[in-house]
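# Secondary and tertiary structure notes
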Amino acid sequence: MGKNVMGRALSAVRRVWVDRFVRSGRQDRGMTTSEYAVGTIAACAFAAVLYKVVTSGPVLSAMQSLIKDALDAKF
């Protein structure tokens, strides 16, 4: 019973998708220039925040401590 219900639900979704996007001629073929610009700005902002966090004093000292402990580990 569960498979049949799921099959009907997926069929209904597929039918709506085909009617709305494929038959209407509207197809997304990729990002537009403005979407690329916004994505690039967001990526740069994320990189700047990540750089500030990684180069902050507490994180830098924690990373140095972690590396020192790893190099001084006894095997």
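Structure's up top.
Residues numbered from 1 in each chain as written. Predicted model: local features only at pLDDT ≥ 70, side-chain atom pairs only at ≥ 80, totals over all residues. Heavy atoms only, no water.

So, on to the overall build of the chain. Across its full length, the chain carries three helices and zero strands. Reading the chain from its N end, one meets helices and strands in the order α-α-α. Every one of the 75 residues in the chain was classed for burial, and the buried ones make up 0%. Accessible surface for the chain amounts to roughly 7,100 Å². Of this, 67% is attributable to carbon and sulfur atoms. (Helix = DSSP H or I, 4+ residues; strand = E, 2+ residues; numbered from the N terminus. Buried < 20%, exposed > 50% of the residue type's maximum accessible area, 1.4 Å probe, protein only. Areas by Shrake-Rupley, 256 points an atom, 1.4 Å probe, with all protein chains shown as cover.)

Here we come to a nonpolar patch on the surface. Residues Phe 46, Val 49, Leu 50, Val 53, Val 54 and Met 63 make up a contiguous nonpolar surface patch of about 540 Å² in total accessible area. A total of five residues in the nonpolar patch trace back to one element, the largest contributor, which is helix 2 (residues 33-54). Looking at where Phe 46 falls in the secondary structure, it is placed in helix 2. Residue classification places Phe 46 among the exposed residues on the basis of a relative accessible area of 57%. (Patch = residues over 30% accessible without salt bridge, like charges linked within 9 Å, V, L, I, M, F, W, Y side chains within 5 Å. Salt bridge = Lys/Arg side-chain N within 4 Å of Asp/Glu carboxyl O.)

What follows concerns the pattern of salt bridges. Opposite charge on two side chains allows them to pair when their charged atoms are near. Scanning the model with the defined rule gives one salt bridge in all. Between Lys 68 and Asp 72 there is a salt bridge, with its nearest N and O atoms 3.2 Å apart. You can call Lys 68 exposed: its relative accessible area is 52%.

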